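Below, each chain spelled out in residue letters.
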Amino acid sequence: MKQLWNVVNGLDVRKDAKARVFLWLLAVANILIGAGLWLLIGRIFLPGTEWLICFMGYPAIFIGFFGGILYLYNHEFA
């Protein structure tokens, strides 16, 4: 998360826009990780698009969005 924040923090935009871009990118990254995990093991053991949505959605919301909010709250940024 710190590396992603360092990239986003380098942008020349307002502080609230940086936070929105950070949360969005973190959620998208976790969607892609979840989809990749489902492609590796989920397709064999848990076939179906509903499982794909679960593998993509839960990490995006809990790790990406809520985790990103907690990361932003717990760190001071200039």
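What you see is a predicted model; the values in this text were computed from it and never measured.

A. Up close: the overall build of the chain. Looking only at helices and strands, the chain features three helices and zero strands. Scanning the chain from its N terminus toward the C terminus, one meets helices and strands in the order α-α-α. Computed over its C-alpha atoms, the radius of gyration of the chain comes to 15 Å, more than 25% above the 12 Å expected for a compact globule of 78 residues. Counting only C-alpha atoms and orienting by the principal axes, one finds that the chain spans roughly 45 × 20 × 15 Å.

B. Spatial organisation of helix α3 (residues 49-74). Taking 1.5 Å per residue as the helical rise, α3 with its 26 residues ought to reach 38 Å, and the 36 Å between its terminal C-alpha atoms agrees with that figure. Tucked into the core, α3 has its buried residues touching α1 (2-9) and α2 (15-45).

C. Region of the structure containing a nonpolar patch on the surface. Among the surface-exposed residues, Tyr-58, Ile-61, Phe-62, Ile-63, Phe-65 and Phe-66 lie close enough to one another that they form a single nonpolar patch of about 610 Å² accessible area. Take Phe-66: it is sitting in helix α3.

Reading guide: rules and limits
Residue numbers restart at each chain and count upward from 1, following the sequence in its written direction. Local features in a predicted model are, by the rule used here, given only for residues with pLDDT of at least 70; side-chain atom pairs are given and counted only at 80 or more, and totals for whole chains, interfaces and linings are based on all residues. Calculation of side-chain values draws on the structure's entire complement of heavy atoms; hydrogens and water are dropped beforehand. The numbering of helices and of strands both runs from the N terminus, where a helix is a DSSP run of H or I of at least 4 residues and a strand a run of E of at least 2. Just to be clear, the radius of gyration here is over C-alpha atoms, and the globule rule we use is 2.2 Å times residues to the power 0.38. A helix's residues, less one, multiplied by 1.5 Å, set its expected span. Here, residues are in contact when the closest pair of their heavy atoms is within 4.5 Å. By definition, no residue in a patch forms a salt bridge, and every one has over 30% relative accessible area; like charges are joined within 9 Å, nonpolar side chains (Val, Leu, Ile, Met, Phe, Trp, Tyr) within 5 Å. Note on areas: Shrake-Rupley with a 1.4 Å probe; residue coverage comes only from the protein chains shown. We define a salt bridge as a contact between a side-chain nitrogen of Lys or Arg and a carboxyl oxygen of Asp or Glu at a distance within 4 Å.

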